[in-house]
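Inside the fold
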Amino acid sequence: MSETPQKRLYIKTYGCQMNVYDSERMADVLRPLGYGIVDEPEGADLVVLNTCHIREKATEKVYSELGYIKQMKTRKAQAGGTMTIAVAGCVAQAEGKEIMHRQPAVDLVVGPQAYHQLPELIARAHRATGERLSADFAADEKFDALPAERQVNGVTAFLTVQEGCDKFCTFCVVPYTRGGEWSRPPEQIEDEAKRLADQGVREVTLLGQNVNAYDGGGYTLARLVRRLARIPGLDRIRYTTSHPRDMGDDLIAAHAELPELMPYLHLPVQAGSDKILKAMNRDHTAESYVRLIEKIRAGRPDIAMSGDFIVGFPGERDGDFEKTLELVREVGFASAFSFKYSRRPGTPASAMPGQVDEAVKAERLDRLNALLDEQQKAFNALQVGKVMPVLFEKKGRNPGQIVGRSPYLQAVHAVGSEDLLGQIVPVRIESSAKMSLGGVLDSHAIPEPA
Ligand code: SAH
Ligand code: SF4
Ligand code: F3S
């Protein structure tokens, strides 16, 4: 179908969904220059590492990966070719100069707001003149300069609507790597969503570091969602990640009223002890979080709640950690992400007294995960016997099998024709495990006419 690209582009993505979106957009910027995506870095003309700075491990991974890529660059040079190495993303933003020092094989460094400058940076790297580091904060310029065309793969897509964070949780690097909160204009987002729908996308996930703080000139996130829900073909809308303090009444109402808005909400709470929440600068208490969930469930009782947790924040004692477990028991999560606190240079928490021993963090993480796993299995088991609409996305691992997502974002496997890919089909759920559900197509499930 597609011609062999003139130039081979390998992109490795770390971190959050916004990096996934950004990687796709970098490919869009580079495609007109003749770059096509390849699956392996060996022999590539351009290697981009789109990096994450959130925890120490994430950052260190980048440097070890760069060690391997450097060897490939040397091999290619010995064979008479060239490989350009670019570091993008949040590590690029946070430690741009240091990266070039620590790994001289890196040709250019580009921060998250400067992807539209990639062609120029690559040209400078090839000419070996000019600045090869760009880490400005100007998201508006970026979105104006990115090509309108997007290559979609599949029937679901991410769409960034908001970037940056003004919340300054004391543990977190994001306000420093992504800059202040900034929202794209609704018209620009609608235009991108329409193009996605025209290309067969049926579900979009709106992205933002604080997506529910979206403020598009009079448009709240709820109003934006309602506008996008009118786009023909776009049947499902999701958004992530939200902050409890920006969970407005209109968004809660949208969950109760709008069938296109999927009943899944990722709303990080981080901890259950008010003392720790205060030290984190979270601006919510355990109680206010629980009340908020009650309010959301009053309008949408079946909503799948998801969250992020940090264990071992400085000053967290056993009694504080027990409160996290209590909160989890009270809320009941359908899924969750939990992390050991990681000390990030330059953040206020890294200098706080009472840093917690790694072994204690590990033990708390195990206990928390055991409880969260139990809840996830229980939530999945609840679906057995129900018929639910599944958006089928791809072929499964076993022959004849197709895989999709339930409204609650669970993976659902069923035996069915590939003609059903891209369609929303009723499925009777027959089995459940921690990570997925199994079902059979409901007898009424016949492919929609093409
Ligand atoms: N903007 C989002 C996501 C931020 S990063 C939000 O406010 O929720 C995703 C998650 O990483 C956070 O929710 C937090 O749980 C975790 N995280 C951030 N900094 C961390 C650190 N220093 N150590 C461990 N986990 C961290
Ligand atoms: Fe980080 Fe807090 Fe902002 Fe989320 S809200 S990105 S955790 S500072
Ligand atoms: Fe990581 Fe940056 Fe996302 S630090 S989590 S890639 S915003």
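Computed from a predicted model, the values in this text were never measured in an experiment. (Residues numbered from 1 in each chain as written. Chains lettered and ligands numbered in written order. Predicted model: local features only at pLDDT ≥ 70, side-chain atom pairs only at ≥ 80, totals over all residues. Heavy atoms only, no water.)

1. Focus: the overall build of the protein
Helix and strand counts for the protein come out as 13 helices and 19 strands. Since a compact globule built from 450 residues should have a radius of gyration of about 22 Å, the 23 Å found for the protein is in line with a globular shape. Considered along the principal axes of its C-alpha atoms, the protein spans approximately 65 × 60 × 45 Å. Counting only residues that meet the buried cut, the protein has 54% of its 450 residues in that class. Long-range pairs, those at least 24 residues apart, make up 72% of the contacts in the protein with a sequence separation of at least 6. Surface summary for the protein: the accessible area is close to 20,000 Å², and the carbon and sulfur share equals 51%. Once the 56 positive and 61 negative side-chain charges of the protein are each reduced to a mean point, those two points are 3 Å apart. (Helix = DSSP H or I, 4+ residues; strand = E, 2+ residues; numbered from the N terminus. Rg over C-alpha atoms; globule rule 2.2 N^0.38 Å. Buried < 20%, exposed > 50% of the residue type's maximum accessible area, 1.4 Å probe, protein only. Contact = heavy atoms within 4.5 Å. Areas by Shrake-Rupley, 256 points an atom, 1.4 Å probe, with all protein chains shown as cover. Lys, Arg positive; Asp, Glu negative; His and termini not counted. Charge placed at Lys NZ, Arg CZ, Asp CG, Glu CD.)

2. Considering the sheet that holds strand 15 (residues 387-395)
Reading around the circumference, 15-16-17-19-18 is the order of the five strands in this closed barrel, with mixed pairing throughout. Each adjacent strand pair in this sheet contributes to an overall mean axis angle of 55°, direction not counted. Of the pairings in the sheet, the one linking strand 16 (residues 401-405) to strand 17 (residues 411-415) comprises five bridges and is antiparallel in character. Within the sheet, the bridge partner assigned to Gln401 lies in strand 17 and is Val415. (Pairing = 2+ DSSP bridges. Axes fitted to C-alpha atoms, helices over the stretch in contact; angles between N-to-C directions.)

3. Looking at the packing of aromatic side chains
Scanning all chains against the criterion turns up six aromatic pairs. Taking the centre distance of 5.9 Å and the plane angle of 5° together, the rings of Phe143 and Trp182 count as stacked. Highlighted residues: Phe143 in helix 5 (residues 139-145) and Trp182 in strand 9 (residues 182-183), separated in sequence by 39 residues. By relative accessible area, Phe143 is classed as buried at 6%. In this structure Trp182 comes out as partly exposed when scored by relative accessible area, which is 24%. Judged by centre distance (6.4 Å) and plane angle (85°), the ring pair of Phe171 and Phe313 falls under edge-to-face. With Phe171 in the loop between strand 8 (162-163) and helix 6 (174-178) and Phe313 in the loop between strand 13 (304-311) and helix 12 (318-331), the pair connects residues that are 142 residues apart, well separated along the chain. (Phe/Tyr/Trp six-rings, centres within 6.5 Å; stacked < 30°, edge-to-face > 60°.)

4. Some words on the site of ligand 3
Close to ligand 3 lie Cys16, Asn19, Thr51, Cys52, His53, Ile54, Cys90, Arg178 and Gln209, which account for all nearby residues. Residues of the shell around ligand 3, tallied by class, amount to four nonpolar, four polar and one charged. (Near = heavy atom within 4 Å. Nonpolar A, V, L, I, M, F, W, Y, C, P; charged D, E, K, R; others polar.)

5. Let's talk about the domain arrangement of the protein
Per the domain assignment, the segments making up the protein are domain 1 (7-140), domain 2 (152-262), domain 3 (263-382) and domain 4 (387-441). For domain 1 versus domain 4, the separation of C-alpha centres amounts to 36 Å. (Domains from an automatic or database assignment.)

6. Some words on the site of ligand 1
Taken together, 15 residues sit near ligand 1, with Phe171, Gln209, Gln270, Asp308 and Ser342 positioned nearest. The separation between a nitrogen atom of ligand 1 and a polar main-chain atom of Phe171 is 3.0 Å. Here an oxygen atom of ligand 1 and a side-chain polar atom of Asp308 are 2.7 Å apart. A total of 540 Å² of accessible area belongs to ligand 1 in isolation, and the protein chains cover 89% of it. Elements supplying a minimum of two residues to the shell around ligand 1: strand 13 and strand 14 (335-340). A breakdown of the residues in the shell around ligand 1 according to their chemical character gives six nonpolar, four polar and five charged. Shared between two domains, the shell around ligand 1 holds at least three residues of each, these being domain 2 (152-262) and domain 3 (263-382). (Polar contact = N/O pair within 3.5 Å; in protein donor to acceptor, adjacent residues only side chain to side chain.)

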